[in-house]
Amino acid sequence: MKYSDKIKELGKEKLLTFYRKMVEIRSFEERIRFLFLEGKMPGTIHQCIGQEACAVGVCSALAEDDVVASNHRSHGHAIARGLSFNELMAELYGKTTGCCKGKGGSMHFGNLEKGMLTGIAIVGGNLPIVVGMGLSFKLRKQKRVALSFFGEGASNEGSFHESLNMAAVYNVPSVFVCENNLYGASTNIGKMLKIKNIADRAQSYGIEGMIADGMDVIDVYFNAKKVIDKARKGGGPTLLELKTFRFCGHSRRDPCNYIPKEEKELWAKKDPIGSLKKTLLKENMMDASDFKKIDIQIEKELDEAILFAQESPDPRPEDTFEDLYVSMEVPR
Ligand SMILES: Cc1ncc(C[n+]2csc(CCOP(=O)(O)OP(=O)(O)O)c2C)c(N)n1
């Protein structure tokens, strides 16, 4: 399909939602960065500035009852999946009103009621769980899809290979989304992989591997929709590689000095938010004042979320031993 036809098919309303969601993620990330640097926020943070199109494009292609499993870089996925600023901000402040009652923090965003498992920070740790979830959907004859987000570094973990093999063998309704941002912490991909595309690894397991432009939310959406729909219809798993870049450090105060200036400048030109903004202007779907209104609205929502978090209660010492195990009925 031609790019112009894709824009037409999506229409103004959907494209505006994509834009707004990406700005929500970027603004959230920028705001918490300062709160963290000012020492107002405990713990650590792993941010996804630059990767917004991946989270929004993929999550917009999911059904409400599908389940996403994220990794240590979970902020964008959570916002794209519909978790609120309030529950996320409170989680970062370690408050009881947070999505994990303040016990998880940045690396463990999630809310199963909103279709997102709590983030799993062990690199490659969520993939086997996604296979299990997908298999359970299949055995229960539910038309649901389980989807994993992970980085290119995780594709070197044993769990990646075991998971893709098992998902392939059991034809599990799952999608494995690799956000290839070229750096695993401070290490460039060229130092840890001899192949160019992570998607090529799908061949070893007899499943389809696909590549999308992770800086273009429209491209991500259409590719994600295709493989999610395929999984839902019984077509089995896919490895979807999104070529992307993070415009921030790996975590905490990382100034990101290991990435050459020229490389940063090159990717900055592909900024997913700036690109969609240009498209929306070109198509006369929005004007400068509409963008301004969105920015003001989001900033206001963030102010409210920070206040909500700051005023929320801290967990009590005795809460430490709660929620260690989930009581669940295991269906026969
Ligand atoms: C099994 C394991 N090894 C090491 C770490 C420490 N660690 C946290 S994130 C990270 C880099 C992961 O890179 P990648 O999978 O490409 O994801 P990205 O950070 O680029 O999003 C490492 C080594 C960990 N959390 N788990």
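Everything in this summary refers to the structure shown in the same document. (Residues numbered from 1 in each chain as written. Predicted model: local features only at pLDDT ≥ 70, side-chain atom pairs only at ≥ 80, totals over all residues. Heavy atoms only, no water.)

1. Notes on the nonpolar core
Using the following cut-off: In plain words, nonpolar cores are sets of buried Ala, Val, Leu, Ile, Met, Phe, Trp, Tyr and Cys residues tied together by side-chain atoms within 4.5 Å. Burial status follows relative accessibility: with a 1.4 Å probe on protein chains alone, a residue under 20% of its type maximum counts as buried, one over 50% as exposed, and anything between as partly exposed. The numbering of helices and of strands both runs from the N terminus, where a helix is a DSSP run of H or I of at least 4 residues and a strand a run of E of at least 2. The contact definition used throughout considers only heavy atoms, calling two residues in contact when any of these lie within 4.5 Å.
With 68 residues, the main nonpolar core has Leu15, Phe28, Met89, Leu147 and Leu276 as its most contacted residues. Sorting elements by how many residues they give to this core places helix H1 (residues 3-37) first, with 12 residues. When residues no more than four places from it in sequence are discounted, the contact partners of Leu15 are Ile7, Leu10, Ile218, Leu276, Leu280 and Met285. Among the nonpolar cores identified, the runner-up in size contains 34 residues, and Leu193, Tyr205, Cys256 and Trp267 belong to it.

2. Things to note about the pairing of strand E8 (residues 238-243)
The side chains of a regular strand alternate, residue by residue, between the two faces of the sheet. Formally: Whether two strands pair comes down to DSSP finding at least two bridges between them.
With respect to burial, E8 is a largely interior element, five of its six residues being buried. In terms of strand pairing, strand E4 (residues 174-180) meets E8 through six bridges, oriented parallel. Counterpart to Asn180 in the pairing with E8 is Lys243. Here six bridges tie strand E7 (residues 208-213) to E8, and the two strands are oriented parallel to one another.

3. Considerations on the site of the ligand
Selection criterion: Whether a residue is near a molecule or strand depends on its heavy atoms: if one lies within 4 Å, it is near. Each residue is assigned to one of three groups, with Ala, Val, Leu, Ile, Met, Phe, Trp, Tyr, Cys and Pro labelled nonpolar, Asp, Glu, Lys and Arg labelled charged, and all others, Gly among them, labelled polar.
Close contacts around the ligand come from 15 residues, with His72, Arg73, Gly153, Asn181 and Tyr183 the closest. Split by residue class, the shell around the ligand holds six nonpolar, six polar and three charged.

4. With respect to unusual backbone geometry
In this structure, Ala185 is a non-glycine residue whose phi angle is positive, near 55 degrees. With respect to the secondary-structure elements, Ala185 resides in the loop between strand E5 (183-184) and strand E6 (187-188). A positive phi angle, near 55 degrees, is found at Asn284, a position not held by glycine. Relative to the elements of secondary structure, Asn284 occurs in the loop between helix H9 (272-282) and helix H10 (288-311). A residue is classified by how much of its surface remains accessible, and Asn284, at 69% relative accessible area, is exposed.

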